[in-house]
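# Topology and contacts: notes
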Amino acid sequence: MIPARFAHAVFGLIMSGLMSCIVTGIATLKAIGFGPSTLGDWMASWAFCWPIAFTVILLLGPAVKRLVGRMVRPEA
């Protein structure tokens, strides 16, 4: 098991991986359509985007969490 202090990083890794995979897949299909090179182009795009998405989540995640905390009222 991974220590709890790494929960934010593990969450960011998994969430950024899933979201960047889905978004790059959709963008790749829209840009080039479905063909023999689609899967390879998608994976190349995903490999490029995942580290960027992970970094953004790690850096902006705490600020977004604070913003959401200000936007919602606590449950009674």
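Before any of the text, the structure's been laid out above.
In short, a report on the structure. Position numbers for residues count from 1 along each chain, tracking the sequence in the order it is written. Only residues with pLDDT of 70 or above have their local features reported here, since the model is predicted, and side-chain atom pairs are shown and tallied only from 80 upward, although totals for entire chains, interfaces and linings are computed over all residues. Excluded from the side-chain calculation are hydrogens and water; included are all heavy atoms of the structure.

## Description of the overall build of the protein chain
Segments assigned H or I by DSSP are reported as helices when at least four residues long, segments assigned E as strands when at least two residues long, and all are numbered from the N terminus. When you go through the protein chain residue by residue, the secondary structure sums to 2 helices and 0 strands. For this measure, only C-alpha atoms enter the radius of gyration; the expected value for a globule follows 2.2 Å times N^0.38, where N is the number of residues. Relative to the globule expectation of 11 Å for 76 residues, the C-alpha radius of gyration of the protein chain, 16 Å, shows a markedly less compact shape. Relative accessibility under 20% of the residue-type maximum defines a buried residue, over 50% an exposed one, and the middle range a partly exposed one, all with a 1.4 Å probe and only protein chains included. A buried classification covers 13% of the 76 residues belonging to the protein chain. All accessible areas in this document rest on Shrake-Rupley with a 1.4 Å probe, and a residue is counted as covered only by the protein chains that are shown. Carbon and sulfur atoms make up 76% of the accessible area of the protein chain, which amounts to about 6,300 Å² in all.

## Notes on the environment of Asp41
For Asp41, the position within the fold is in helix H2 (residues 38-71). Along the primary structure Asp41 and Pro74 are separated by 33 residues, whereas in three dimensions their C-alpha atoms are 45 Å apart. Any pair of residues with heavy atoms lying within 4.5 Å of one another is described as a contacting pair. Dropping the residues within four chain positions of it, Asp41 is found in contact with Thr28 and Ile32.

## What to know about helix H1 (residues 7-32)
Between the first and last C-alpha of H1 there are 37 Å, a value that for 26 residues agrees with the 38 Å anticipated at 1.5 Å per step. Of the positions making up H1, those classed as buried are Gly12, Ser16, Gly17, Ser20, Cys21, Thr24, Gly25 and Thr28. Where H1 is buried, its residues meet H2. Expected helix span is computed as 1.5 Å times (number of residues minus one).

Keep in mind these numbers describe shape, not what the thing actually does.
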